[in-house]
Amino acid sequence: MTKKPDPLETAESIGRAVRNRERSAVEVARVFVERAERSAPRLSTYLHRDGARTLEMAAEVDRRLESGEKLSPLAGVPIALKDNLCTHGIPTTCGSRILEGYLPPYDAHVVERLRAAGAVFTGKTNCDEFAMGSSTENSAYFPTRNPWDLDRVPGGSSGGSAATVAALEASLALGSDTGGSVRQPAAFCGVFGLKPTYGAVSRYGLVAFASSLDQIGPFARTARDVALLFNEICGRDERDMTSRSDATPIDLESLERGVRGMKIGIPRDLLSVGVDPEITASLDRVTKKLSGEGAEILDVTLPHARYSIATYYLIAPAEASSNLARYDGVRYGFRAKSDDLQTMYASTRGKGFGREVRRRILLGTYALSAGYYDAYYLRAMKVRTLVRRDFDQALLRADAILLPTTPTPPFKLGEKVDDPLAMYLNDIFSIPASLAGAPALSFPSGRTRSNLPIGLQLVGRPFDEGTLLRIARTWEKKSGDPLGVPPIANGGART
Amino acid sequence: MPIDAKVVQQVAVLARLQVESSEEARLVKELTSILSYVEQLQDLDVSGIEPTSQVGEGTKAPLREDEVKPSNVRDEALAQAPDRDGDYFRVPQVV
Amino acid sequence: MSATRPAPESPSKAEAGAAPGRYETVVGLEVHAQLKTASKIFCCCSTKFGARPNTQVCPICLGLPGVLPILNERAVRFAVMTGIAVGGTIAVRSVFARKNYFYPDLPKGYQISQYDRPLCSGGTVEIHVGGAWKRIGLVRIHLEEDAGKSLHPEGRQGVNTTLVDLNRSGVPLIEIVSEPEIRSGAEAYDYLIRLKQILVYLDVCDGNMEEGSLRCDANVSVRPRGQSVFGTKTEIKNMNSFRNVERAIAFETERQIRLLESGGRVVQETLLWNADKGKAEPMRSKEEAHDYRYFPEPDLLPLDLEPPWIESVRSALPELPHQVRERLTRDFGIPEYDAEVLTETRALASYYEEVARRSGSAKLASNWIMTEVNGIRNKEGQSIEEFPIRPDRLGTLVRMIAEERISGKIGKQLFEMMLTRPEDPEALVKSQGLLPIDDEASLRAIAREVIAANPGPAAEVRAGKERTFAFLVGQAMKQSRGRAHPEKIQDALKKELEAT
């Protein structure tokens, strides 16, 4: 009953032990809370963290189990939530001043599901303001640091979620991915991150950035744990008309079946945009290993993928400019004082939003404005169709597409903040799948010579997350230890 | 049309975003660089291509039955208001 | 709509709002009709009017972060019903779009509406002005959500504020846009009456302008007769009754003509109708150029309607005003004018049908409803549903008159009584002693009394002055409170005059 919980154990085994009453959820939670108390201040992973509340949630799980309630495999598993997921009565700021102190009166769909499952929330993780960014430096509160190198960014926008799982402060985490915001920080922090197929997970209660691209996705330390969390949150929800019943839970045992006979495509044309040699080397290693396991490796082309960034940086800001219009100081959040309504609006929004958000609102407003709509927004939507077709074509031949998650390893804090375009170009490998609405998984493939994580990405057919996880699981099993533990998580470190 | 300070301010009015004159030059530079980057889309021939506004287009989403379900968020929601007058949200006068 | 209407004739002269002389008025109307659903278009809040402020709200219609719209099936059905009823084309795919603008009662900073792909295109509404029927074409009908309500109370200590109530935010609306084919205020008035009639017959809108469930904006311009190019238009808002729409158009037409005649030019602008002053005044606020930045609503998929579903809505459509009109003239043989009056509402038409059937006299039933029933209702402001004499009792009354069992005069007395008493007219006639007097003895007794009371006129009649006989008949009817049989009393009088 009182075997000491080891946070390095998987969410799967933690959940099993709690359900079997081999450990109490409170004991598990205490280990994670204590760890977060040590490392979170240095990493700045959380915007809102309340250890007492976490322990209380865990105690509630123990009570439910005590009373004989059957709980899900996630019962008692400590999970972190990105701060753009609405949590009833718990601050939800999206990393923005404009929502400072805001308390949602309802839970997001995924939050509701996880509560019912008996998950234990560790807190709300830091992110780029309204999920706009690739480094978590756009948080209005503070930047989060990469657990592998405190001078480097954890990626973004779900940087807090990725870092907290990497640093063993939480067993699992949820983030949101619009153009790579789960996958890129997963790669930078050396954990798994899945962007599900668009429509696989209800967006109800996810604060919108770009509605046609946003998806909530899990972070985990193993492929099986990704599936476990995905299974708990996927499926149709009547509160999101774009959510789909095609999304069904993944059979965990199917992940163990290897890759023999599978066709894995490499988009050589896209890779020509330039990739860090260590990442290319990692891609080659993984390719070779999978080939050795019986997969067929073939070349595919995604001829329009190189237009993805241009397409994305019209569509996402346009939708964002509209989605963020509700932050007007009338009903909630920050309001700048003024006796004049128009001044109140402009000043509230001018002061309440940070630099990147304002830049994107201006860009999106411009792209939608009279006279520019056809040249910008409409054209971008058409190119989006071309990008989708590229994936449809490629995935006729291949079961999955393998490519880097990012062109470079994690960069340094401050390195790109003054050059928005350079920051955007970092998303070249993650954005195409976002535009296509395809499922995409970033998995840890190794580390650079300077011990920074490298992540590779698998993109699949709609609602075929299972195949991506199966490939990643095969690599995970055969590669030894792709994950590792960053130095900061020294307490329970076992490298 | 090239982006200049005047355009930035016009768009800012449309977006109800205060842009200080000290920010104008930076914004002109940044927006110009992004917009010239996205110019590459003009190279593509998109004639006859249907736009994608939603990847789920064409899938059936069941509509909602017309049923009233009371929501109990009123008090919590009103409590968030930066300014209120009894039951109402209050704002500076609309002119 | 109906294809049996006579072709429109040239517009009649002297209509309210018609341009005098050389000018022609051109009006297009945009009508917003609130759909009679129980819940809002994108959330489960009630649409009931008059609730305490901000009580019919939820995260969705408050525009809280993270919420998404869920489309109400009945709102779609009602919009499709309307489209079919006016003969429009229902789109198998229509697209919701965001209309972006800032206003304190617009919680999301955008209104979900439809833009370049509306639910319904085309269709017509037939109007009847100056004795002729005319078809007004429709551009489109689309679905959208309503905004909340802003109140502007008197400020305290010079600081004026606006109060926001979001109960109405998200109430389903259809916007019905007419072609600029309306030529006068009177035509606009009739168009609105007819359109409202259709909506109320369909039971998709309650048509109540005071509660804002029907709202109308007008685009008005004038042009020299014979010119095909439109003049510069102005948009008039804030008209809270059909009569005010008519008056506002008349006012604006005159203003524009005066302006043009004096060498001026019409400026495209938005005017607010001030009903107290009877004037349309430019909006006070400096109106910045609107740029609504419409784009497809990414939170909703395109609305795809299966043709069989559209057909099922079509076949379940209730009878429309023109269909009932035609049926009444055909089945009951009443004049078109009567049918027009009796089909004002579906309930009135049903009321008439029952009275006509029970009475066996369609025209007499029509007369009674048009004069007596409508007379009382207009005075009391009653709907036909509230009228105290139900059609079964009125039918019996009209039958008694038709069968000449009572006179029309007695009928009216009975009618008055029936307004406050629940009994059947047959029972009332008996209990109130209103049965006709036609037995010889009673009639002779009345005659005797009348002759005794009027010795002078009786003598004149006996002397051969026949015209005075009518006076005696009148006195006899009066004496019997109208109950005396009108022919038999003459016989009785003659006999008594001879006998005395």
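Reading the values: rules and limits
Residues numbered from 1 in each chain as written. Chains lettered and ligands numbered in written order. Predicted model: local features only at pLDDT ≥ 70, side-chain atom pairs only at ≥ 80, totals over all residues. Heavy atoms only, no water. UniProt positions renumbered as here; feature names shortened; annotations may be inferred. Helix = DSSP H or I, 4+ residues; strand = E, 2+ residues; numbered from the N terminus. Rg over C-alpha atoms; globule rule 2.2 N^0.38 Å. Buried < 20%, exposed > 50% of the residue type's maximum accessible area, 1.4 Å probe, protein only. 1 Å grid on protein atoms, 1.4 Å probe; cavity = no way out; pocket = protein on both sides within 12 Å on 5 of 7 lines; lining within 4 Å. Points joined across faces, edges and corners; volume = space filled by probe spheres on them. Nonpolar A, V, L, I, M, F, W, Y, C, P; charged D, E, K, R; others polar. Domains from an automatic or database assignment. Axes fitted to C-alpha atoms, helices over the stretch in contact; angles between N-to-C directions. Parallel < 35°, antiparallel > 145°, perpendicular 65-115°, else oblique. Contact = heavy atoms within 4.5 Å. Expected span 1.5 Å × (residues − 1). Arc of directions from axis to C-beta. Polar contact = N/O pair within 3.5 Å; in protein donor to acceptor, adjacent residues only side chain to side chain. Buried area = accessible area lost by both parts, 1.4 Å probe. Salt bridge = Lys/Arg side-chain N within 4 Å of Asp/Glu carboxyl O. Pairing = 2+ DSSP bridges. Right-handed = clockwise from strand over helix to strand, strands pointing away.

- Per an unreviewed UniProt entry, the recorded name for chain C is Aspartyl/glutamyl-tRNA(Asn/Gln) amidotransferase subunit B, and the organism is Eiseniibacteriota bacterium.
- Taken from UniProt, the Subunit (unreviewed entry) comment for chain C reads in full: "Heterotrimer of A, B and C subunits."
- According to UniProt, the comment filed for chain C under the heading Sequence similarities (unreviewed entry) is "Belongs to the GatB/GatE family. GatB subfamily."

- Looking up chain B in an unreviewed UniProt entry gives the name Aspartyl/glutamyl-tRNA(Asn/Gln) amidotransferase subunit C, with the organism given as Eiseniibacteriota bacterium.
- UniProt's Sequence similarities (unreviewed entry) comment on chain B is quoted here verbatim: "Belongs to the GatC family."
- Per its UniProt entry, chain B bears the Subunit (unreviewed entry) comment "Heterotrimer of A, B and C subunits."

Re the overall build of chain B
At step 1: Of regular secondary structure, chain B possesses three helices and two strands.
At step 2: Secondary structure elements of chain B, listed N to C terminal, follow the sequence α-α-α-β-β.
At step 3: The C-alpha atoms of chain B give 23 Å as radius of gyration, which overshoots the globular expectation for 95 residues (12 Å, by more than 25%).
At step 4: A total of 95 residues make up chain B; the buried ones form 47% of that total.

Considering the layout of surface pockets
Residue and element names in this part refer to chain C.
At step 1: Its volume calculated, the second largest pocket comes out at about 960 Å³.
At step 2: What lines the second largest pocket is a set of 29 residues, among which Ile193, Lys196, Gln197, Glu344 and Thr345 lie closest to the centre.
At step 3: Elements that contribute at least two residues to the lining of the second largest pocket include exactly α2 (185-202), α6 (336-342) and α7 (346-359).
At step 4: Of all the elements, α2 adds the most residues to the lining of the second largest pocket, at seven residues.
At step 5: Partitioned by chemical class, the residues of the lining of the second largest pocket number 11 nonpolar, seven polar and 11 charged.

Considering the domain arrangement of chain C
At step 1: For chain C, the domain assignment lists domain 1 (13-313), domain 2 (319-431) and domain 3 (440-499).
At step 2: The C-alpha-based centres of domain 2 of chain C and domain 3 of chain C are spaced at 35 Å.

A few points about empty space enclosed by the protein
Residues and elements named next belong to chain C.
At step 1: Within this structure, the stated rule accounts for 10 cavities of 30 Å³ or more.
At step 2: Looking at the largest cavity, it is lined by 19 residues, and the ones nearest its centre are Phe42, Ile60, Pro69, Lys108 and Glu145.
At step 3: For the lining of the largest cavity, the residue count by class is 10 nonpolar, three polar and six charged.

Brief notes about the packing of helix α4 (residues 109-117) of chain A against helix α7 (residues 223-233) of chain A
Residue and element names in this part refer to chain A.
At step 1: For the pair α4 and α7, interaxial distance at closest approach is 9 Å and the crossing angle is 110°. Taken together, the axes of α4 and α7 are roughly perpendicular relative to one another. Together, His109, Val110, Arg113, Leu114 and Ala117 of α4 and Leu229, Glu232 and Ile233 of α7 make up the contact between the two elements.
At step 2: Along the lines of polarity and charge, the residues of the contact of α4 with α7 split into five nonpolar, one polar and two charged.

Topic: helix α9 (residues 277-292) of chain A
All names here are of chain A.
At step 1: Compared with the 22 Å implied by 1.5 Å per residue over 16 residues, the 22 Å span of α9 between its first and last C-alpha is a close match.
At step 2: Buried within α9 we find Ile279, Ser282, Leu283, Val286, Thr287 and Leu290. Down the axis of α9, the buried side of the element spans an arc of 135°, and every buried residue falls inside it. For α9, the exposed residues set more than 90 degrees away from the buried face come down to Pro277, Lys288 and Gly292.
At step 3: At the N-terminal boundary of α9, the capping side chain belongs to Asp276, with an oxygen 2.9 Å from the backbone nitrogen of Glu278.

What to know about the interface of chain A and chain B
At step 1: Listed by partner, the interface residues are 69 residues for chain A and 55 residues for chain B.
At step 2: Sorting the residues of chain A by area buried against chain B places Leu362, Tyr366 and Arg379 of chain A first, and these three jointly supply 13% of that buried surface.
At step 3: Between the two partners, chain A and chain B, sit three salt bridges.
At step 4: Across the pair Arg335 of chain A and Asp83 of chain B runs a salt bridge whose closest N-O atoms are separated by 3.9 Å.
At step 5: Summed over the shared surface of chain A and chain B, the number is 20 residue pairs in polar contact (both at pLDDT 80 or more).
At step 6: Mapped by element, the contributors of at least two residues to the side of chain A that touches chain B are α10 (308-323), α11 (341-352), α12 (355-368), α13 (374-397), α14 (420-425) and α15 (431-436) of chain A.
At step 7: The biggest single contributor to the side of chain A that touches chain B is α13 of chain A, with 13 residues.
At step 8: For the side of chain A that touches chain B, the per-class residue count stands at 35 nonpolar, 17 polar and 17 charged.

Here's the deal with the pairing of strand β3 (residues 120-125) of chain A
All names here are of chain A.
At step 1: Among the six residues in β3, six count as buried, and that is most of the element.
At step 2: Taken together, the two bridges between strand β1 (residues 46-48) and β3 define a ladder with antiparallel strand orientation. Within β3, the residue paired with Tyr46 across the bridge is Thr125.
At step 3: In this fold, the crossover linking strand β2 (residues 78-82) to β3 by way of α4 has right-handed handedness.

Focus on the pairing of strand β4 (residues 172-177) of chain A
Residue and element names in this part refer to chain A.
At step 1: The element β4 is largely enclosed, with a buried count of six among its six residues.
At step 2: The pairing of β2 with β4 spans three bridges and is parallel. When the sheet's bridge partners are listed, Ala80 is paired in β4 with Ala173.
At step 3: Here five bridges tie β4 to strand β6 (residues 215-220), and the two strands are oriented antiparallel to one another. For Ser176, the partnering residue across the bridge sits in β6 and is Ile216.

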